[in-house]
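Summary of structural features
Now for the letters of each chain:
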Amino acid sequence: MGFRLSKIYTRTGDKGSTSLGDGRRVPKDHPRVEAMGEVDTLNSQLGLLLAELAEHSRECTGLTEVVEVLAPCQHRLFDLGGELAMPVYQALDSAEVERLEAAIDLWNEELGPLENFILPGGSALIAQAHVCRSLARGAERRCQHLNAVEPLAGVGLAYINRLSDLLFVAARLIARRQGVAEILWQAAAKP
């Protein structure tokens, strides 16, 4: 992509609309803009998770692999944002979805089956991975809403769905590699 922003503010959005990559102006609460915003929020929180993982990987080398798998996801989320901003642009392909599936399968072999519901927490890293997972689900819902209004081409919907699965498994793997017990859900006592 050759287009770069040379000016950060344009004042064209001051009245509640914004431009898409195809030149259309839409309200800032349009489903497409909502989807772009949720993907951006996820990408920002994933950046925080990656920064924290990098810090902790000095003490726990098993976290380096998690960084290596998740770091490309920030770039792919930016690609997905581009696809949402420019409806004819396609950047993601099925190979990236397959990459996530391969990581999920590999990590699940190490973790074994999930026998209980788990809660976010145990360490800041685990909780942040769950924040990212829940934001991925929110971004997926926004993208699905957009898809109902304006059908989306490509594999973006599959990618964001698989990414949320990967983040769930990553949270569990982080717990294992940090040696932190997962917090198991305890049902309320029956009245």
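Structure's up top.
So, here's what we can say about the structure. (Residues numbered from 1 in each chain as written. Predicted model: local features only at pLDDT ≥ 70, side-chain atom pairs only at ≥ 80, totals over all residues. Heavy atoms only, no water.)

Some details on the packing of aromatic side chains
Applying the stated criterion to the full structure yields 1 aromatic pair. Between the aromatic rings of F117 and W185, the centroid separation amounts to 5.7 Å while the plane-to-plane angle is 80 degrees, which identifies the pairing as edge-to-face. Note that F117 is positioned in the loop between α3 (94-111) and β3 (118-119) and W185 in the segment after β4 (183-184), a separation of 68 residues in sequence. Overall, the relative accessible area of 47% leaves W185 in the partly exposed class. (Phe/Tyr/Trp six-rings, centres within 6.5 Å; stacked < 30°, edge-to-face > 60°. Helix = DSSP H or I, 4+ residues; strand = E, 2+ residues; numbered from the N terminus. Buried < 20%, exposed > 50% of the residue type's maximum accessible area, 1.4 Å probe, protein only.)

Describing the environment of R99
For R99, the location among the structural elements is in helix α3. Separated by 15 residues in the primary sequence, R99 and L114 have C-alpha atoms spaced 22 Å apart. Beyond its immediate chain neighbours, meaning those up to four positions away, R99 contacts V69, P72 and C73. (Contact = heavy atoms within 4.5 Å.)

Details of helix α5 (residues 156-178)
In this model, α5 (23 residues) spans 32 Å end to end at C-alpha, consistent with the 33 Å of a helix rising 1.5 Å per residue. G179, located one to two residues past α5, shows a positive phi value of around 75 degrees. (Expected span 1.5 Å × (residues − 1).)

Overview of the nonpolar core
Judged by nonpolar contacts, the single largest core of 44 residues is most densely connected at L42, L46, L49, L70, L163, L166 and L167. Among the elements of the structure, α1 (31-56), α2 (63-85), α3, α4 (124-149) and α5 are those that each provide at least two residues to this core. Here the element with the most residues in this core is α5; it accounts for 12 residues. In this structure L163 touches L42, C73, L77 and L100, once residues within four positions along its chain are discounted. (Core = buried A, V, L, I, M, F, W, Y, C linked by side-chain atoms within 4.5 Å.)

A word on the packing of α2 against α3
Running from amino to carboxyl end, α2 crosses α3 at an angle of 155 degrees, the nearest separation of the two axes being 12 Å. The orientation of α2 relative to α3 falls into the category roughly antiparallel. The chirality of how α2 crosses α3 is left-handed. For the pair α2 and α3, contact is made by E65, V66, V69, P72, C73 and R76 and by E96, R99, L100, A103, L106 and W107, respectively. Class assignment of the residues belonging to the contact of α2 with α3 gives a composition of 8 nonpolar, no polar and 4 charged. (Axes fitted to C-alpha atoms, helices over the stretch in contact; angles between N-to-C directions. Parallel < 35°, antiparallel > 145°, perpendicular 65-115°, else oblique. Left-handed = near helix turned anticlockwise from the far one by under 90°. Nonpolar A, V, L, I, M, F, W, Y, C, P; charged D, E, K, R; others polar.)

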